[in-house]
Each structure stands twice: as C-alpha cells, then as structure tokens.
Amino acid sequence: MSTVEVLAQNITSCAFGGDDFDTLYITTVREGMTDEGLANLPLSGSLFSIQPNVRGLLANRFKERNIT
C-alpha cells in the first residue's frame, strides 16, 4: 500500500485519468478553512495530479434495458 500526501487539508475525491489511466487526480476544497489554515496550506482547493506508477481501470458501465 502507498500513501500520497498533498498540501491541502480537505481531500474530496480521487480518480485515475489520462489516455492510459496512469495519472491520479486528487480534488480538494478550501471551504470552511480559517485564514490561519489557508496561510499554512495555501494550495487547499486545488486539483493535484501525480503519476504513481500504477494504472487505474476503465469504469464498468451498466447497460440500459427497457423494462416493460
């Protein structure tokens, strides 16, 4: 198991993307942070991307069916 640290307080989501699903995108939020918190972590609210040397998978999609 690996850990990715970002310079932000509140992580909201992460997902793999890019042509080969080899980029990890991490979203963060700055809402509700104090001025002091923002001074310490000014990148809060940013989108981060890294290439962690692993790949994500294509998401499974459900097929629509007409149910009568």
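Look up: the structure comes first, before these words.
What counts and how
- Residues numbered from 1 in each chain as written.
- Predicted model: local features only at pLDDT ≥ 70, side-chain atom pairs only at ≥ 80, totals over all residues.
- Heavy atoms only, no water.
- Pairing = 2+ DSSP bridges.
- Helix = DSSP H or I, 4+ residues; strand = E, 2+ residues; numbered from the N terminus.
- Axes fitted to C-alpha atoms, helices over the stretch in contact; angles between N-to-C directions.

Draft legend 1. Quick peek at the pairing of strand β1 (residues 10–17). Here seven bridges tie β1 to strand β2 (residues 23–29), and the two strands are oriented antiparallel to one another. Its bridge partner being in β2, Phe-16 is matched across the sheet by Leu-24. The hairpin turn running from β1 into β2, its antiparallel successor, is five residues long, and Gly-18 in that turn takes a positive phi close to 90°.

Draft legend 2. Expanded view of the pairing of β2. Pairing of β2 with strand β3 (residues 47–50), which is carried by four bridges, proceeds in the antiparallel orientation. Looking at the pairing, Thr-27 lines up with Leu-47 of β3.

Draft legend 3. View of the sheet that holds β1. Strand order across the open sheet formed by three strands is β1-β2-β3, with antiparallel pairing between neighbours. Taken across any chain shown, the strands that pair with only one partner, and hence form the sheet edges, are β1 and β3. The mean inter-strand angle of the sheet, taken between neighbouring strand axes irrespective of direction, is 20°.

Keep in mind these numbers describe shape, not what the thing actually does.
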